[in-house]
Amino acid sequence: MNSKSKTQTPIAWLQRNLFNTWYNSLLTIVCFALLSWIAYGVGNWAFNKAQWEVVTSNLPLFFVGRYPADQVWRLWLVLVIVVGTIATGILNRKRRFLFILIPVCVLLILWLIGGGFFLTTVGTNLWNGLLLTLLAASISIVLAFPIGILLALGRQSSLPILRGFCTIYVELVRGLPLIGILFMAQVMLPLVLPGQIQLDRVVRAIAGLVLFNAAYLAENVRGGLQSIPRGQVEAAKALGLNTPLSLLLIVLPQALRTAIPAIVGQFISLFKDTSLLSLFALVELTGITRSILAQPEYLGRYAEVYLFIGLIYWIFCFTMSQMSRKLERKSI
Amino acid sequence: MLIAENVHKWYGKFQVLRGVSLTVSPGEVVVIMGPSGSGKSTFIRTFNALEDYQQGRIIIDGTELSADLRNIDTIRQEVGMVFQQFNLFPHLTVLQNVTLAPTYVRKWSKAKAEEVALQLLERVGILEQAQKFPGQLSGGQQQRVAIARALAMQPKIMLFDEPTSALDPEMVREVLDVMRSLAESGMTMIVVTHEVGFAREVADRIILMDEGLLVESASPIEFFQHPKEERTRKFLSQIL
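Bear in mind that the values here come from a model prediction, so they are computed numbers and not experimental data.

> I'm lost on the overall build of chain A in this one. Help?
Secondary structure summary: chain A contains 15 helices and 0 strands in total. Against the 2.2 N^0.38 benchmark of 20 Å for 332 residues, chain A shows a C-alpha radius of gyration of 25 Å, more extended than a compact globule. Its C-alpha atoms give chain A principal-axis dimensions of roughly 70 × 60 × 40 Å. Relative to its full complement of 332 residues, chain A shows a buried share of 39%. For chain A, the accessible area works out to roughly 19900 Å², and carbon and sulfur atoms hold 72% of it. If the 26 positive side-chain charges of chain A are averaged to one point and the 11 negative ones to another, these points end up 13 Å apart.

Have a look at this one:
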């Protein structure tokens, strides 16, 4: 055997990394013992003591809540549209048609979920569970992102009123807790708007999420903007590009690419923050657990239920995180 | 083609340009030399409004530079600039870098912009790199792309702000060759550089700037062999 194969065997690796000195060996044994004890405890609970029927028999509740069972086919259609749009977006090189396709799909999806025209209306209080979480998160992300970009650009503007407004807005909102802003949105928006306009609670909640996250996204984008060397803007100007064109073609593409990790991080935060909506009688994924646990046969099954929704949150957040890494690598 | 009259510029209390005047005729190649901090880069950057100025007048191709934005944008289309740091757009290919401005500013069709771009890339000798990104090119290649990008707008004047100062010595030659052929084709050029060989061979006129003032202006032979001013002699003794 030559020395190369010696260093590649698993036993040799263990020897080199985990058992090279006496204290490392001791540490390895202690850690291994601790991990085994935890794994046994968790495994024992998961397979023997836990009652997973609370999850398996309530799956429809988790996902769509009290949505009328005979209309659920519409939600399946929405899923198909979403998957189809994402697939076409990934597979197709040309992106131009997405500008038309996506708004059309959005309207289609909202119509399918809410009803009206030829479909029976399903009130927003019946939009529960994961459906509401996904809806609130997606709409908030889509609205907060452009507002955040505008705020970041406004903060750098040479017009003092615009710059002042954007700075004050961002600094004010960043100093307030999200729950405070959601509360203000639920209570104060009806007071501020004229009496005839009745805003749906979901709309108020989304407004709160958007206002909050736009401020944080503005700072993330501003970080990206500051990373652009001055020479880029000078070269753009020297070629005769006016400010809007140089922003659109030169500055923003580069700035947003730099800010992708921070921006997607904010989106992930936003997604998890939708759980706060459960405090305002909007029954999304976290809120539906209360209804589930109120059922007499499932009293006290907290661990299974929260582990399950934890898993669902994790799956979505991890997917976003992976997409972020793909986006970063794709950009030059 | 270009008339700068008595231009003054202050950065706060510090006066960078102290009444510099310059007249450049069409087809003329003017080289500006001088010690660092003399204001030569600042001076040429006033020509395309990358720097503003507090006093004096600048008239380019008959149009006077003013604070009006539309006026500035129009003048910038006629004045091309090549920077010391290249300033290519890293997220676009070489071809896209060159076609960007003509497509969006001069509103040419994609076909026309690409045709002109490919001709220019061939002229500067990098046709085969057209689909690469700036990050994949050497410094000399990037600067040549920058020259092609500026030429794509078909400007009347080309400004060069120390175009070879950031290049490795082996690559300086290829860029200077491109600039030389550009001069021979009749382009009006104003070049800030330390390249004495280029100045001697290509310039119609050499100007020395020091501490915000125009010290001497002479033909290459006069400048290098019979300098009139003391400061010119001092500068030449340092660089030759």
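Let us keep going from here.
> Can you help me understand the confidence of the model for chain A in this one?
It should be kept in mind that the predicted coordinates are not to be read in detail where pLDDT is low. Summary statistics for chain A give a mean pLDDT of 86 and a share of 95% for residues scoring 70 or more. By mean pLDDT, the top-scoring element of chain A is helix 9 (residues 160–174) of chain A (94), and the lowest-scoring one is helix 1 (residues 3–8) of chain A (56).

> Teacher, can you tell me more about the pairing of strand 7 (residues 157–161) of chain B here?
Both faces of the sheet carry side chains from a regular strand, because those side chains alternate between them. Residue and element names in this part refer to chain B. Most of strand 7 is tucked away, with 5 of its 5 residues classed as buried. Side-chain alternation along strand 7 places Ile157, Leu159 and Asp161 on one buried face and Met158 and Phe160 on a second face that is also buried. Two strands pair when backbone bridges link them, and strand 6 (residues 79–82) and strand 7 are joined in this way by 4 bridges, in the parallel orientation. Bridge assignment links valine 82 to a residue of strand 7, and that residue is phenylalanine 160. Here 5 bridges tie strand 7 to strand 8 (residues 188–192), and the two strands are oriented parallel to one another. Note on strand 8: the bridge partner recorded for phenylalanine 160 is valine 191.

> Would you mind showing me how to read the interface of chain B and chain A here?
One frequent convention defines the size of an interface as the accessible area lost when the parts assemble. Taken together, the 22 residues of chain B in the interface contact 19 residues of chain A. One can count 1 salt bridge joining chain B with chain A. Here glutamate 234 of chain A and arginine 45 of chain B are joined by a salt bridge, their closest N and O atoms 2.8 Å apart. Seen at the junction of chain B and chain A, the total is 5 residue pairs in polar contact (both at pLDDT 80 or more). Put simply, the parts of the chain that give the side of chain B that touches chain A at least two residues each are helix 2 (69–78), strand 6, helix 3 (94–104) and helix 5 (139–151) of chain B. Residues of the side of chain B that touches chain A, tallied by class, amount to 14 nonpolar, 4 polar and 4 charged.

> So what exactly am I meant to see when it comes to a positive patch on the surface here?
Taken together, the side chains of Arg257, Arg325, Lys326, Arg329 and Lys330 of chain A make up a positively charged region of the molecular surface. If one sorts the elements of the positive patch by residue count, helix 15 (residues 302–330) of chain A sits on top with 4 residues.

> Got a minute to help me understand a nonpolar patch on the surface in this structure?
Residues and elements named next belong to chain A. Side chains of Ile168, Leu172, Leu176, Phe183, Met184, Val187, Met188, Leu191 and Val192 sit close together on the surface and give an oily, nonpolar patch of about 890 Å² of accessible area. Sorting the residues of the nonpolar patch by element identifies helix 9 and helix 10 (178–192) as the ones contributing at least two each. Counting residues per element, the nonpolar patch draws most heavily on helix 10, at 6 residues. Inspection of the secondary structure assignment puts leucine 172 in helix 9.

> Explanation requested: the sheet that holds strand 1 (residues 2–11) of chain B in the structure shown.
Hydrogen bonding along the main chain pairs the strands of a sheet, whether they run parallel or antiparallel. Residue and element names in this part refer to chain B. A sheet is described by the order of its strands in space; here 4 strands give the open sequence 2-1-4-5, paired in antiparallel fashion. Looking at strand neighbours, the two that pair on one side only are strand 2 (14–24) and strand 5 (63–64), the edges of this open sheet. Alignment of strand 1 against strand 2, held across 8 bridges, turns out to be antiparallel. Directly across from alanine 4, in strand 2, lies its bridge partner leucine 22.

> I'm lost on the pattern of salt bridges in this one. Help?
Charged atoms that come close allow side chains of opposite charge to pair. Taken as a whole and assessed by the stated rule, the structure comprises 23 salt bridges over all chains. Among the ionic pairs, glutamate 219 of chain A bridges to arginine 174 of chain A, the shortest N-O distance being 3.7 Å. Within this pair, whereas glutamate 219 of chain A is found in helix 11 (residues 201–226), its partner arginine 174 of chain A is found in helix 9, the two being separated by 45 residues in sequence. Note on arginine 174 of chain A: relative accessible area 34%, which makes it partly exposed. The partner of arginine 76 of chain B in a salt bridge is aspartate 73 of chain B, and the shortest N-O contact between them spans 4.0 Å. Here aspartate 73 of chain B and arginine 76 of chain B lie together in helix 2, a separation of 3 residues that amounts to about one turn. Overall, the relative accessible area of 7% leaves arginine 76 of chain B in the buried class. Exposure remark for aspartate 73 of chain B: the relative accessible area of 18% places this residue in the buried category.

> Looking at this structure, I do not really get unusual backbone geometry. What am I missing?
One can expect most non-glycine residues to show negative phi and most peptide bonds to be in trans. All names here are of chain B. A positive phi angle, close to 50°, is found at aspartate 61, a residue other than glycine. Aspartate 61 sits in the partly exposed class, given a relative accessible area of 36%. Positioned with a positive phi, glutamine 154 is a non-glycine residue whose angle comes to about 50°. Tracing the sequence through the fold places glutamine 154 in the loop between helix 5 and strand 7.

> Looking at this structure, how should I read the sheet that holds strand 6 of chain B?
Residue and element names in this part refer to chain B. Taken together, the 6 strands give an open sheet; going across it, the order is 6-7-8-3-9-10, and neighbouring strands pair in mixed fashion. Each edge of the open sheet is held by one strand with a lone partner, namely strand 6 and strand 10 (213–218). In this sheet, adjacent strand axes meet at a mean angle of 20° when their direction is disregarded. Contacting strand 3 (29–33), strand 6, strand 7, strand 8 and strand 9 (205–210), helix 1 (residues 40–47) crosses the sheet at an angle of about 150° to strand 7.

Conventions and cut-offs
- Residues numbered from 1 in each chain as written.
- Chains lettered and ligands numbered in written order.
- Predicted model: local features only at pLDDT ≥ 70, side-chain atom pairs only at ≥ 80, totals over all residues.
- Heavy atoms only, no water.
- Helix = DSSP H or I, 4+ residues; strand = E, 2+ residues; numbered from the N terminus.
- Rg over C-alpha atoms; globule rule 2.2 N^0.38 Å.
- Buried < 20%, exposed > 50% of the residue type's maximum accessible area, 1.4 Å probe, protein only.
- Areas by Shrake-Rupley, 256 points an atom, 1.4 Å probe, with all protein chains shown as cover.
- Lys, Arg positive; Asp, Glu negative; His and termini not counted.
- Charge placed at Lys NZ, Arg CZ, Asp CG, Glu CD.
- pLDDT = per-residue confidence, 0-100.
- Pairing = 2+ DSSP bridges.
- Contact = heavy atoms within 4.5 Å.
- Salt bridge = Lys/Arg side-chain N within 4 Å of Asp/Glu carboxyl O.
- Polar contact = N/O pair within 3.5 Å; in protein donor to acceptor, adjacent residues only side chain to side chain.
- Nonpolar A, V, L, I, M, F, W, Y, C, P; charged D, E, K, R; others polar.
- Patch = residues over 30% accessible without salt bridge, like charges linked within 9 Å, V, L, I, M, F, W, Y side chains within 5 Å.
- Axes fitted to C-alpha atoms, helices over the stretch in contact; angles between N-to-C directions.

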